[in-house]
Amino acid sequence: MALIVQKYGGTSMGSIDRIKNVAKRVKRWHDNGHQVVVVVSAMSGETNRLIDLARQISTQPDPREYDQMVSTGEQVSISLLAMAIKELGIGARSMTGRQVAIKTDNAHNKARIESIDDKNIREQLDAGNIVIVAGFQGIDEEGNATTLGRGGSDTTGVAIAAALGADECQIYTDVDGVYTTDPRVTSKAKKLEKITFEEMLEMASLGSKILQIRSVEFAGKYGVPLRVLSSFDENTDGSFDQEFQDNVGTLITIDEGDNMEQAIISGIAFNRDEAKILVRGVPDHPGIASAILSPIGRANIEIDMIVQNLSDNGTTDFTFTVNRTDLDKTLKVLNEEVKDEIGAKEILGNSEVVKVSLVGVGMRSHAGVASLMFQTLAENNINIQMISTSEIKVSVLIQDQHLEKAVKSLHTAFGLDREDGESKIAGL
């Protein structure tokens, strides 16, 4: 008998029929002798509806009252799922973050979990019940409702799995696993049976939307095996043919080194939400980078890639990227607080760019990954505007119109199209 934590998102809980199908799926795990804890999100669209109501009252709602309100969406979901499971003849108990005792800090709207008391959950499991927990929420030391930010139900699921010492945390979503790249960009994308926490964290931070970054960090820190599965593989009658044999999804686990046969590249991620800023004609002297970036940081704008050109006649060009939604705000800060202060000649913004990244722990033991990437892009007449690297990833910034061609060509060059995973360059 295993202890399994399952998490279902808003789409999986999006209607009464879907909630009934989740109940049937959970029952199958229970019938197979497993203890099951289920973490759920609010029904699809419900959180947005609640946020819209708040903003009709105030453009900047009080953080405490905002959390008190938006946390109710999950309370509806857990009650409905508990009812559906009981209709199938199985004991079930729904619990809010308060009833579980998920303690967080008091940073409303973006709280972080500090501790979980597993006593109440274990009592219900020992009584033979399935436990359904509200994701996305907790309570601070004063007993106020707090929320963990968008995608916080993933973090709730992983945190509860860690607190319980669960055998596995299963994240059910609208895809059946983690793929080598987005199947909507290339039909040759393949589902990965296994990926490391490091690789998944890079993929999530570089544009993959499958898992919330914080949940992957949490799982890696506490060694919680994560599995991504589809919640939409049931038949029209709600049955699940060969579910436990066929729907294995993708396991996210520790790097097992030599014991796990590892491809050089596990996947290709991309991010369309990029914008490039060029600060031209900057005096080249110590402290100039700080003079440019400090006001950006004070404006709570996150910076990604950074490049400073070689000095020419005492001046240089300074380039960096931000989220596309922050482009106008960044240009405003630079023009009002930085340009005249440092004597820059010109400040330009470009939102027609995308970031494409290769990710794989196999890079650690294989040279030539970057050179093959650059060669492949050159052969397809794709110009590289910026480059960023780490131990297990190489990222480039390119013109957005070349995204699909870049992903497809790199997917082929690094053998991700092939069953044998063989790249076209000897030695890779």
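Reading the values: rules and limits
Residues numbered from 1 in each chain as written. Predicted model: local features only at pLDDT ≥ 70, side-chain atom pairs only at ≥ 80, totals over all residues. Heavy atoms only, no water. Salt bridge = Lys/Arg side-chain N within 4 Å of Asp/Glu carboxyl O. Helix = DSSP H or I, 4+ residues; strand = E, 2+ residues; numbered from the N terminus. Buried < 20%, exposed > 50% of the residue type's maximum accessible area, 1.4 Å probe, protein only. UniProt positions renumbered as here; feature names shortened; annotations may be inferred. Contact = heavy atoms within 4.5 Å. Polar contact = N/O pair within 3.5 Å; in protein donor to acceptor, adjacent residues only side chain to side chain. Axes fitted to C-alpha atoms, helices over the stretch in contact; angles between N-to-C directions. Parallel < 35°, antiparallel > 145°, perpendicular 65-115°, else oblique. Left-handed = near helix turned anticlockwise from the far one by under 90°. Nonpolar A, V, L, I, M, F, W, Y, C, P; charged D, E, K, R; others polar. Pairing = 2+ DSSP bridges. Phe/Tyr/Trp six-rings, centres within 6.5 Å; stacked < 30°, edge-to-face > 60°.

### Examining the pattern of salt bridges
Opposite charge on two side chains lets them pair, provided their charged atoms get close.
Right, so step 1: Considering all chains together, one arrives at 16 salt bridges under this definition.
Right, so step 2: Glu-274 is paired through a salt bridge with Lys-355; the nearest N and O atoms lie 3.6 Å apart. Of this pair, Glu-274 sits in strand β13 (residues 267-283) while Lys-355 is found in strand β16 (residues 346-359), placing the two residues 81 residues apart along the sequence. Here Glu-274 and Lys-355 have matching classes, each one buried.
Right, so step 3: Measuring nitrogen to oxygen at the nearest pair gives 2.9 Å for the salt bridge that ties Glu-404 to Lys-408. Of the two residues, Glu-404 and Lys-408 are both situated in helix α14 (residues 403-413); the distance of four residues between them amounts to about one turn of the helix.
Right, so step 4: What emerges from the salt-bridge pattern is a single network uniting Glu-198, Arg-364 and Glu-391.

### Describing the UniProt feature "binding site: substrate" (unreviewed entry) in the protein chain
Right, so step 1: UniProt tags Thr-47 and Glu-74 as "binding site: substrate" (unreviewed entry). In sequence the annotated residues extend across 28 residues, while in space they remain close, none of their C-alpha pairs exceeding 8.8 Å.
Right, so step 2: Structurally, the position occupied by Thr-47 is in helix α2 (residues 46-57).
Right, so step 3: When sequence neighbours within four positions are dropped, the list of residues in contact with Thr-47 reads Ala-42, Glu-74 and Arg-150.
Right, so step 4: You can see Glu-74 is positioned in helix α4 (residues 72-87).
Right, so step 5: Excluding residues that lie within four positions of it along the chain, Glu-74 makes contacts with Val-40, Ser-41, Ala-42, Thr-47, Ala-134, Gly-135, Phe-136 and Gln-137.
Right, so step 6: Within the local environment of Glu-74, its side chain forms a polar contact with the backbone nitrogen of Ala-42, the two atoms lying 3.1 Å apart.

### What to know about the packing of helix α8 (residues 197-205) against helix α9 (residues 213-222)
Right, so step 1: As a packed pair, α8 and α9 sit with axes 9 Å apart at the nearest point and diverge in direction by 165°. Between α8 and α9, the angle is such that the two are roughly antiparallel. The two elements α8 and α9 cross, and the hand of that crossing is left-handed. Judged by residue contacts, Phe-197, Met-200, Leu-201, Ala-204 and Ser-205 of α8 engage Ile-213, Val-216, Glu-217, Ala-219 and Gly-220 from α9.
Right, so step 2: Residue classes in the contact of α8 with α9 are distributed as seven nonpolar, two polar and one charged.

### A closer look at the sheet that holds strand β6 (residues 130-134)
Right, so step 1: On the basis of which strands lie adjacent, the open sheet formed by eight strands has the order β3-β6-β2-β1-β9-β11-β12-β10 and mixed pairing. The open sheet is flanked by β3 (92-95) and β10 (194-196), the only strands paired with a single partner. Going across the sheet, the axis of each strand differs from the next one's by a mean of 20°, ignoring polarity.
Right, so step 2: By the bridge criterion, five bridges tie strand β1 (residues 3-8) to strand β9 (residues 168-173) in an arrangement that is parallel. Counterpart to Gln-6 in the pairing with β9 is Gln-170.
Right, so step 3: Contacts from α4 reach β2 (35-40), β3 and β6 within the one sheet, and its direction differs from that of β6 by about 165°.
Right, so step 4: Where helix α6 (residues 119-126) meets the sheet, its contacts fall on β1, β2, β3 and β6, and the angle it forms with β2 comes to roughly 130°.

### Examining the packing of aromatic side chains
Right, so step 1: Throughout the structure, instances matching the rule amount to three aromatic pairs.
Right, so step 2: Ring geometry for Tyr-8 versus Tyr-172: centroids 4.7 Å apart, planes at 10°, classification stacked. Taken together, the residues span a long stretch of sequence, with Tyr-8 in strand β1 and Tyr-172 in strand β9 at a distance of 164 residues.
Right, so step 3: Under the relative-accessibility criterion, Tyr-8 is labelled buried at 0%.

### Considerations on the environment of Lys-103
Right, so step 1: Following the sequence through the fold, Lys-103 ends up in strand β4 (residues 102-104).
Right, so step 2: Using a relative accessible area of 35% as the deciding quantity, one classes Lys-103 as partly exposed.
Right, so step 3: The spatial distance from the C-alpha of Lys-103 to the C-alpha of Ile-113 is 6.0 Å, given a sequence separation of 10 residues.
Right, so step 4: If near-sequence neighbours (up to four positions away) are discounted, Lys-103 is found in contact with Arg-112, Ile-113, Glu-114, Ser-115 and Ile-139.

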